Amino acid sequence: MVVGDVTTGTDVLVIGAGPAGYVAAIRAGQLDLDVTLVEKDAYGGTCLNYGCIPSKALITATDIAHEAATAEEMGIHADPAIDLAGMIEWKDGVVDQLTSGVEKLCKANQVTLLEGTARFVDDRTVRVSHSGEGQGSETLEFEHAIIATGSRPIQIPNFEYADEPVLNSRQALELESVPDSLVVVGAGYIGMELAGVFAKLGTDVTVIEMLDSILPGYDDDLKRPVKQRANDLGIDFEFGYTASEWHDRDGDGIRVIAEPADQATTDGGSEQAAGERLTLDTDHVLVAVGRQPVSDTLALEDAGVETDNRGFIETDSRARTTVDQIFAVGDVAGEPMLAHKGSAEGKVAAEVIAGEPAALDHQAIPAVVFTDPEIATVGMTETQAEDAGFETVTGQFPFRASGRALTTGDSEGFVKIVADEADGYVLGASIVGPEASELIAELGLAVELGATLEDVAATVHAHPTLAESVMEAAENALGHAIHTLNR
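Presented here is an overview of the structure given in this document.

Conventions adopted
Residues numbered from 1 in each chain as written. Predicted model: local features only at pLDDT ≥ 70, side-chain atom pairs only at ≥ 80, totals over all residues. Heavy atoms only, no water. Axes fitted to C-alpha atoms, helices over the stretch in contact; angles between N-to-C directions. Helix = DSSP H or I, 4+ residues; strand = E, 2+ residues; numbered from the N terminus. Parallel < 35°, antiparallel > 145°, perpendicular 65-115°, else oblique. Left-handed = near helix turned anticlockwise from the far one by under 90°. Contact = heavy atoms within 4.5 Å. Phe/Tyr/Trp six-rings, centres within 6.5 Å; stacked < 30°, edge-to-face > 60°. Buried < 20%, exposed > 50% of the residue type's maximum accessible area, 1.4 Å probe, protein only. Pairing = 2+ DSSP bridges. Salt bridge = Lys/Arg side-chain N within 4 Å of Asp/Glu carboxyl O.

This part covers the packing of helix 3 (residues 52-69) against helix 6 (residues 189-200). As a packed pair, helix 3 and helix 6 sit with axes 9 Å apart at the nearest point and diverge in direction by 40°. Considering their axes alone, helix 3 and helix 6 lie oblique with respect to each other. Helix 3 and helix 6 meet at a crossing whose hand is left-handed. For the pair helix 3 and helix 6, the contacting residues are S55, K56, L58, I59, T62, D63 and H66 in the first and E193, V197 and K200 in the second.

Let us look at the packing of aromatic side chains. Counted under the stated rule, the structure contains two aromatic pairs. Taking 6.1 Å as the distance between ring centres and 80° as the angle between the ring planes, the aromatic pair formed by F120 and F142 counts as edge-to-face. One end of the pair, F120, is in strand 4 (residues 117-122); the other, F142, is in strand 6 (residues 137-147), with 22 residues separating them in the sequence. On the accessibility criterion, F142 (3% relative accessible area) is buried.

All right, on to the sheet that holds strand 15 (residues 284-287) then. Read from one edge to the other, the open sheet built from five strands follows the order 8-15-9-10-11, with strand pairing classed as parallel. In the strand order of this sheet, the two ends are held by strand 8 (166-167) and strand 11 (236-239), each with one partner. Taken together, the five bridges between strand 9 (residues 181-185) and strand 10 (residues 204-209) define a ladder with parallel strand orientation. Within strand 10, the residue paired with V185 across the bridge is I208. Strand contacts of helix 6: strand 9, strand 10, strand 11 and strand 15, with the helix running at about 165° to strand 10, the strand carrying the most contacts.

Moving on: the pattern of salt bridges. Applying the stated rule across the entire model yields 21 salt bridges. For E351, the salt bridge identified is with R27, shortest N-O distance 2.9 Å. Placement of E351 in helix 9 (residues 339-353) and of R27 in helix 1 (residues 19-30) is noted, with a sequence separation of 324 residues between them. A salt bridge links R255 to D281; the nearest nitrogen and oxygen atoms lie 2.6 Å apart. Here the residue R255 occupies a position in strand 13 (residues 254-260), and D281 occupies one in strand 14 (residues 278-282), the gap between them amounting to 26 residues. A relative accessible area of 35% means that R255 is categorised as partly exposed. Of the residues examined, D281 reaches a relative accessible area of 38% and is grouped as partly exposed. Several salt bridges share partner residues, and in doing so they unite D63, K200, R229, D372 and D410 into one network.

The strand order across the open sheet formed by five strands is 18-19-22-21-20, and the pairing between neighbours is antiparallel. Two strands lie at the open edges of the sheet, namely strand 18 (367-369) and strand 20 (392-398), each paired on one side alone. Pairs of neighbouring strands in the sheet enclose a mean axial angle of 10°, with direction left out of account. Relative to strand 22 (residues 426-433), strand 19 (residues 374-379) runs antiparallel, the two sharing six bridges.

What follows concerns helix 14 (residues 468-478). In terms of residue burial, helix 14 counts as a mostly covered element, since ten of its eleven residues are buried. Of all the positions in helix 14, only E468, S469, V470, M471, E472, A473, A474, E475, N476 and A477 are classed as buried. On its buried face, helix 14 is in contact with strand 20, strand 21 (414-420), helix 12 (436-449) and helix 13 (453-458). One or two steps after helix 14, the chain reaches G479, where phi turns positive at roughly 90°.

This brings us to the environment of P179. Looking at where P179 falls in the secondary structure, it is placed in the loop between helix 5 (169-172) and strand 9. By relative accessible area, P179 is classed as buried at 7%. Between the C-alpha atom of P179 and that of E39, which follows or precedes it by 140 residues, the distance is 33 Å.

Listed below in structure tokens is the structure:
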């Protein structure tokens, strides 16, 4: 740590060591730039420490327990005992391994690591305040800066995360005992993923959503299997409501109050009369209504960097802000708020600073929801392609026709490919079902390379695999799928 206030300089200053920031720093180091990476909390950012990695670790662990407990059809009879403290300890071990790896990789690429909070003084200077009594601050002058400060959970009125029964996603992942009941506010991807985790742990879960369906922004045919699986897990839904307040029940949990929203209650939600206030007794309430950029701590106005009305920093395809030498990457630079999108932007920013002709095409960035079953998409949907002026052709293959899916006991869902009817170029794809998060990579590559349906269909896929479903979907679009009826 630097004591007192001194001034140092660097070619590239990176603020934030999440997946966007540390990737930018490492890539800049590889390009022989002098790099300083400032992080106020933990290397790896929210994703590695409190989000993507720990949540997927618990999703995997609870999936294993649930599959073992429900495999009677395979002749397996088990009643797994859940040790949540042990599960959390294992999850933390995974996180520690990855975050320590990030730190080692940065140092191996000659990145200078600096702990503290950065604020702009002007468009060439930041002040870094170090945590801890007597640690002081220092001034950094930079040739270029990359802002990668990420995002934080949105907080709603009357639900303060400092209050013990109220949880954000980070706090929910750190619980050391399984709650008997949980109310989840928000049926987006975070709410649905964690609702599934706790339902598989044996918690009674109720999800409140102000809209009339889960997972806004995804097509109904993708959401339908997820909603059905959630119902099978015993998750209750209350659509058309917004959480308004909560009250302590004198040591017997809390009572959550929800008011009717404008939308009508549909999609199999509560039968409660429209306009009636909803009351739910529970142990905890998890607020998962989205995330907002961390841009308000940086004094961006002093550097001349502009944001939109939501606080996102405006950038171009080369990650440049309104100030030539200042870049922004990751969640703070706007939608889609995805770790892999941030990492890709981080590489672009570093390469542009080094004088390389880099730019990011968002068309082939996949999106994944780690629900049960998983959802994954890339490129255009059929509607988006038609709105863009394409005459489309689609192909679909159901997992229930996949030999490999049947041998796993998980055959719900399908692969769907959208292509340009005139020349067969793959425009996009969507998958709901087992290993969708892995299968989407092949289709993302098809979109990125401008592959055709013929290219995908003519690629011999190993048997028996789930990946054959991608080939069969392409064949279905061409009218000659073997293992499903052609349209």
